[in-house]
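Architecture and fold: a report
Spelled out from the first residue to the last, the chains are:
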Amino acid sequence: MPSHLFADRPAPQPPERGTLDALISQTRRLRGDVDAVRRDAVADEDDPQGRWQRALCDLAVHQLDDLGAQLGQLKEGVPDGLAESAEPDGGPGTDDAPADPPPTGSLLSRVGSAEWNLLTDEVSWSDELYVIFGRSPEAGPMTLDELPSMVFAEDQALLTAMVTGCLIDGKPIDGEFRIVRADGRVRTLHMMGEPVLDVDGCTASMWAVLRDVSELRRSERAVRESRDSLQRRQHIEQTEHRVAVELQEAVLPPWRGSSGLPHGGPAGLDLAGQYLPSGSSATIGGDWYDALELPDGDALLTAGDLTGHGVSATSTMTMLLGALRGMAVAGIRPGALMGYLNQVLDSSSQPALGSAVCCRYDPRTRTLTWAQAGHPAPLLFRGGTGHALTRPEGALLGATSGATYEQAEVRLLPGDLLVLHTDGLTRGPGRDRLLELAPRFARARDAQECVRSVVEEFGRSPREGDACVMVARVGGRS
């Protein structure tokens, strides 16, 4: 039926066929491209971002399907059912058998049309509208008074307001409501229509096009739900990241420049350290470095790394570093201290593995006593060259119950430079690159300048994990 406001207004000319063919071809190509993206989208139900991407693709495919169907209808012209309703009895086409209605769920079955004649009480439905309502054509079309019987109770007032506004005030209809079909299926319909006025400007009839948008709304709802799920996960990740950063900042040394420990005496240590975040992940790991002046005047130097990332790793690191500091203050030597740390991690409610190096430096004798648990050995730089200290035996923390850890000692000289680091810094050829910095270390004014050289060398290249480095120079700053 022509969608006009006045019954005597000529119907608009249809678009040119070549233009429609081009639009249909473009829509089909775009639909194929979107479908290819949809097939490649992640289908993991546990991945909110993947679900959101797939839901968006499904929505786009539904919209393109509907667009293609509507363009196809424009190309075919006025549907047979509506053309027949506009012709007088006995006119052309009245003896033709009606075409079979499109199958339920097909594109054409999603759009139907109707006209309610207020002067003759005649009602005309297209074949597609019977399919949408799940109603047999033998039962005939429904009047405007009968239509609300199939509408959701919550939506009946909306439908009544739309129809009343159209019939009485001449307003166009544009709204949605839900129906419950005889087979129990719930469908969402989008209704658009206008009043048809006679020559006196009075409403003669009302026409409407009803479109089944159930699948489209379902796709839109899936997009909203997956987007909300993704936003919730991002919020959780941001919160966990903030908590992890706060935990890390609370336990790592507060100094960022050089710091001297212990104070007083030519054998004091010039210290500096740096945490280097991962280049491939925004999450915080369980890496740490620490320096602490002990009650007897010795200095505790330590670095370590726990498996995992996020709040779990940083909270376990906080617990372990607190235990390490407490036992060092109590005078427990590095080898025994590692054994106790292993017990602490082995009995933790959050299973994890860790590596660590623990050094106790006596400034009076310049003796470094140290132990390690599956951790890279400290690097000693002297006279413009560097090498790794020979590691005493020691298993990963949390790997073996009752493990024992050996101790080693080394005598340091004034001007010696000690570098403690986690393995995230020196995986692959990283240790050789670190040793090659010996000439720059020898020219450095203080420990902070040495750390800056390390950051310049390693901070620009991407790393799989985060890392820590701490530099201790014997004899104070030059």
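Residues numbered from 1 in each chain as written. Predicted model: local features only at pLDDT ≥ 70, side-chain atom pairs only at ≥ 80, totals over all residues. Heavy atoms only, no water.

Re the environment of Ala403
For Ala403, the position within the fold is in the loop between strand E13 (385–388) and strand E14 (408–411). Since its relative accessible area comes to 16%, Ala403 is described here as buried. Along the chain, Ala403 and Ala373 lie 30 residues apart, while their C-alpha atoms are 9.8 Å from each other. (Helix = DSSP H or I, 4+ residues; strand = E, 2+ residues; numbered from the N terminus. Buried < 20%, exposed > 50% of the residue type's maximum accessible area, 1.4 Å probe, protein only.)

Some points on the pairing of strand E4 (residues 186–197)
Within E4, nine of the 12 residues are buried, which leaves the element mostly enclosed by the surrounding structure. Two elements, strand E3 (residues 173–180) and E4, share eight bridges in a ladder whose sense is antiparallel. In the sheet register, Phe177 faces E4, and the bridge partner there is Leu189. Between E3 and E4, which pair antiparallel one after the other, the connecting turn spans five residues, and Gly184 there sits at a positive phi close to 90°. Looking at chain direction, E4 and strand E5 (residues 203–212) are connected through nine bridges and run antiparallel. Counted as the bridge partner of Met192 is Val209 from E5. Once E4 ends, the chain turns through five residues before running back antiparallel as E5, passing Gly201 with a positive phi of about 85°. (Pairing = 2+ DSSP bridges.)

Quick notes on the packing of aromatic side chains
Here the structure, examined in full by the defined rule, presents three aromatic pairs. Ring plane angle 40° and centroid distance 5.0 Å describe the contact between Trp125 and Phe133, whose orientation is recorded as tilted. Both residues of the pair, Trp125 and Phe133, belong to the buried class. Between Phe381 and Phe441 the ring centres are 4.9 Å apart and the planes differ by 85°, which places this aromatic pair in the edge-to-face class. Highlighted residues: Phe381 in strand E12 (residues 379–382) and Phe441 in helix H11 (residues 438–443), separated in sequence by 60 residues. A single burial state applies to Phe381 and to Phe441, both of which are buried. Through a chain of ring-to-ring contacts, three or more aromatic side chains come together here, namely Trp125, Tyr130 and Phe133. The lysine or arginine in question, Arg433, covers the ring of Phe458, its NZ or CZ lying 4.4 Å from the ring centre. (Phe/Tyr/Trp six-rings, centres within 6.5 Å; stacked < 30°, edge-to-face > 60°. Lys NZ or Arg CZ within 6 Å of the ring centre and 35° of its normal.)

Some words on the sheet that holds strand E10 (residues 354–362)
Pairing is antiparallel in the open sheet, where five strands are placed in the order E8-E9-E10-E11-E14. In this open sheet, the two edge strands, each paired with only one partner strand, are strand E8 (288–293) and E14. Here the strands of the sheet are splayed against their neighbours by 15° on average, with no regard to which way each runs. Inspection of the sheet shows E10 paired to strand E11 (residues 367–373) by seven bridges, in the antiparallel sense. Looking at the pairing, Cys358 lines up with Ala371 of E11. (Axes fitted to C-alpha atoms, helices over the stretch in contact; angles between N-to-C directions.)

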